[in-house]
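Okay, here's what each chain looks like letter by letter:
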Amino acid sequence: MKLKKSDKIPPIKPSKRLTNDQRISMFRFMLQAREFDLAMQRLNRQGRAFGGVYSQTGNEASSVGSAFALGEKDVLFPMHRNIGGHFVFGQDLNTLMLAFLAREGSLMRGTDGTGHYADVNKRIYGNISHLGAMIPVAAGFVLASKMRGENVVSMTYIGDGGSQTGEFHEGMNFASVQKLPFILIIENNQYAYSSPNSVEFACKHLSDRALGYGCHGETIDGTDVEIVYDACWKAAERARRGEGPSIIETVTMRMRGHAEHDDFSYVPREELEYWQKRDPIDRYQNFLLEKKILTMDDITAMRTTLIEEIRAAIDYAVELPFPPAEEGLKGVFVD
Amino acid sequence: MFCFSLPMIKIVGYVFDSQLSYNSTMAQLTYLEAIADALRFEMRRDERVFMMGEDIATYGGAFKLTKNFHEEFGRQRVLDCPISEAAIVGAAIGAALNGMRPVAEMQFMDFVTCGFNQIVNVAGTTAYRWGLGVPMVVRGPSGGGVGANPFHSRNSEAWFAHASGVKVVCPAFPADAKGLMIASIRDNNPVVFYEHKGLYRKIKEEVPEGEYIVPLGKANVIREGKDMSIICYGSAVHFALAAAEELSKEGVSVEVVDIRTLVPFDEETVLASARKTNRVLIAHEASLTAGFGGEIAARIAEKAFEYLDAPILRVAGYDAPTPFAPTLEKAVLPNAEKVLMAARKLMEY
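Residues numbered from 1 in each chain as written. Chains lettered and ligands numbered in written order. Predicted model: local features only at pLDDT ≥ 70, side-chain atom pairs only at ≥ 80, totals over all residues. Heavy atoms only, no water.

## Let's talk about the domain arrangement of chain B
Residue and element names in this part refer to chain B.
Step number 1: When cut into domains, chain B gives domain 1 (27-208) and domain 2 (220-348).
Step number 2: One C-alpha centre belongs to domain 1, the other to domain 2, and the line joining them spans 26 Å.
Step number 3: Taken residue by residue, the interface counts 26 residues in domain 1 and 24 residues in domain 2.
Step number 4: For the domain 1 and domain 2 pair, buried surface summed over both sides reaches about 1,900 Å², with 62% attributable to carbon and sulfur atoms.
Step number 5: Taken together, the connections running from domain 1 to domain 2 amount to one salt bridge.
Step number 6: Of the charged contacts in the structure, one is a salt bridge between Arg260 and Asp176, with a shortest N-O distance of 2.9 Å.
Step number 7: One can count 11 residue pairs in polar contact (both at pLDDT 80 or more) joining domain 1 with domain 2.
Step number 8: Listing elements by their share of the side of domain 1 that touches domain 2, those giving two or more residues are α5 (157-161), β6 (167-169) and α6 (174-186).
Step number 9: When its residues are assigned to classes, the side of domain 1 that touches domain 2 shows 15 nonpolar, eight polar and three charged. (Domains from an automatic or database assignment. Contact = heavy atoms within 4.5 Å. Buried area = accessible area lost by both parts, 1.4 Å probe. Salt bridge = Lys/Arg side-chain N within 4 Å of Asp/Glu carboxyl O. Polar contact = N/O pair within 3.5 Å; in protein donor to acceptor, adjacent residues only side chain to side chain. Helix = DSSP H or I, 4+ residues; strand = E, 2+ residues; numbered from the N terminus. Nonpolar A, V, L, I, M, F, W, Y, C, P; charged D, E, K, R; others polar.)

So this is what it looks like as structure tokens:
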């Protein structure tokens, strides 16, 4: 993304559809995602979280605003930087911490980690590491709903890197041909591991591809949670009306490395500074303070509570053992 | 190497004596008709069953296996899809996670490579990671011998047997094809179902009407014998039966075991046969190296070594793509003659 030095940070564009209670709720989920992220980074440094720890800092508005726009029957196929969506869909901290730290009681029995789990009751189906793979799966999920006459919307995510996979193309084309109630959020966070957009694609916007599929496409500011919410709410409405899928490209920045081992030294300092000023939480916080929806005291109290809850979940999880070894030899097939 | 000057043994004419007891009425069906019968039966019985694939509705499929299906079941349940195997398999997985029992057709099983990621990494890991079933069948025509080139002849079943989490079915007979298809559709796990295109219209037998289930993971001793065992599946079963018939004239009693499914593998029946006859020949059409025959041989060597009077031999495809010209194809693929030669060699040991 080309940076304009004089670029002013635009004010949050308020959605006409949101109540102040909903705004507070979204802000709380964004803060929760950020604090969860910071906690995972610390656990990684302490050697208590093993495997990849994939920061979602910078992604809170995209993740929370999109999931928040879905209804109570809709399903979410979150990706590795969508921890906010897990919270929006009602996932509790203990469940997440057990999954992330692979402790006994994890929904995945220790067979896999991070947000790769599925929780059918909460309508969350995690991704696999092969990005793009869940696009046709999420589309097929609502193909089934549609066949039964149910009005369910599915949403999944991809990045500026994963958008270059074959399954992205096959999945979006299939969803468009079948006019499925499906929303794909392309989180363009500027870097696919270390590769900038210029290495990944030549079109102006990734959402331009919608034209080729015959579905709706738009590119929006991915650091303004209300813009994200509005675009996704409209996409869900179109989906319910039978108008088919939407591609929504949310433009934001991955503020840390691909995973915690990566020092992201390939990102120019001025680029980080540019995006630092557009931090989705700072932007929304300023908006909520300006509109007197929350006071600084409210926010401090909210943050304190969230940190305490996360610490409690860590304390709960780290005390538990890893799953017994024999779990690894079970469950390759279901009965 | 095998000598090709022997007269070709015809694959017709052997006595087919099924061990199965049929309690319903029978119809003479080809292998292709039996598969269509199974699909039709399940779609009538269970509205969760539906089909996805290329050219399957209006056109009735490249082999006309689903001819007129859309007229009975509608175009939603016989869903014509774009040429997108990853999307077909991926969407089938999504539908399976949401209460359906999809059957995804690969127009030729060669094209399953384009949906490989979905089968191996999504479907094959879902039970293990999520504890959720993916009741999906990926089916289609495989195999060579019909002059169809390297891209319409592949036998790729061993790839999926190696994947963990995917069941693999390779029927050799019409009745088995029907019974195994019904069992596959009702299974709560992903099943890759290999239909040998060379058998589609070549063989006909009595197939039970209505509900008929052959459980996955049960090998079938098609022909009992005492001097040697041929462990095989798919097209190679017919080579084995023809060779067995020829060998009986030479006073050699051959037992033919059709394993029918690679995953689950009926080790018990195979080991019992090896222990009984003390000589084992393994035959499959797929190429030799890292083929499923290697796995069968290893299991027998590990668990029945002290019963063997001779080394385990294998007859399999030559390690090459399946070529186009009939002369080349004949050189690369196994046939009854090659099985017969190997069997004689085994008896001479």
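Read on for the rest.
## What about helix α8 (residues 267-277) of chain B?
Owing to its 3.6 residues per turn, the α-helix aligns residues three or four sequence positions apart on the same side.
Residue and element names in this part refer to chain B.
Step number 1: All of the buried residues along α8 are Glu267, Val270, Leu271, Ser273, Ala274 and Thr277. Around the axis of α8, the buried residues are gathered within 160° of arc, so they sit on the same side.
Step number 2: Just downstream of α8, Asn278 is the residue with a positive phi angle, here 70°. (Buried < 20%, exposed > 50% of the residue type's maximum accessible area, 1.4 Å probe, protein only. Arc of directions from axis to C-beta.)

## Quick word on the nonpolar core
Step number 1: By size, the foremost hydrophobic cluster in this structure holds 149 residues, and its most contacted members are Phe36(A), Met97(A) and Met52(B).
Step number 2: Looking at which element gives the most residues to this core, the answer is helix α1 (residues 20-45) of chain A, with 10 residues.
Step number 3: Structurally, this core is a two-domain feature, drawing no fewer than three residues from each of domain 1 (27-208) and domain 2 (220-348) of chain B.
Step number 4: If near-sequence neighbours (up to four positions away) are discounted, Met97(A) is found in contact with Phe36(A), Met40(A), Leu43(A), Ala102(A), Ile310(A), Ala313(A), Ile314(A) and Ala317(A).
Step number 5: One finds Leu32(B), Leu180(B), Ile182(B) and Phe193(B) within the second-largest nonpolar core, a separate group that totals 36 residues. (Core = buried A, V, L, I, M, F, W, Y, C linked by side-chain atoms within 4.5 Å.)

## Observations regarding the pattern of salt bridges
Step number 1: In this structure the tally under the stated criterion is 37 salt bridges over all chains.
Step number 2: The closest approach of N and O atoms between Asp262(A) and Arg254(A), which form a salt bridge, is 4.0 Å. Across this residue pair, the class does not change: Asp262(A) and Arg254(A) are buried.
Step number 3: Of the charged contacts in the structure, one is a salt bridge between Lys167(B) and Asp187(B), with a shortest N-O distance of 2.9 Å. Of the two residues, Lys167(B) sits in strand β6 while Asp187(B) sits in the loop between α6 and β7 (191-196), which places them 20 residues apart along the sequence.
Step number 4: Overall, the relative accessible area of 11% leaves Lys167(B) in the buried class.
Step number 5: Residue Asp187(B) is classed as buried on the basis of its relative accessible area of 13%.

## Focus on the sheet that holds strand β3 (residues 78-80) of chain B
All names here are of chain B.
Step number 1: In spatial order, the strands read β3-β2-β4-β5-β7-β6-β12; together these seven strands make up an open sheet with mixed pairing. Both outer strands of the open sheet, β3 and β12 (261-263), are each paired with one neighbouring strand and no more. Averaged over all pairs of adjacent strands, the angle between their axes in this sheet comes to 20°, without regard to strand direction.
Step number 2: Across the face of the sheet, helix α1 (residues 31-45) comes into contact with β2 (49-53), β3, β4 (101-105), β5 (137-142) and β7 while running at roughly 130° to β2. (Pairing = 2+ DSSP bridges. Axes fitted to C-alpha atoms, helices over the stretch in contact; angles between N-to-C directions.)

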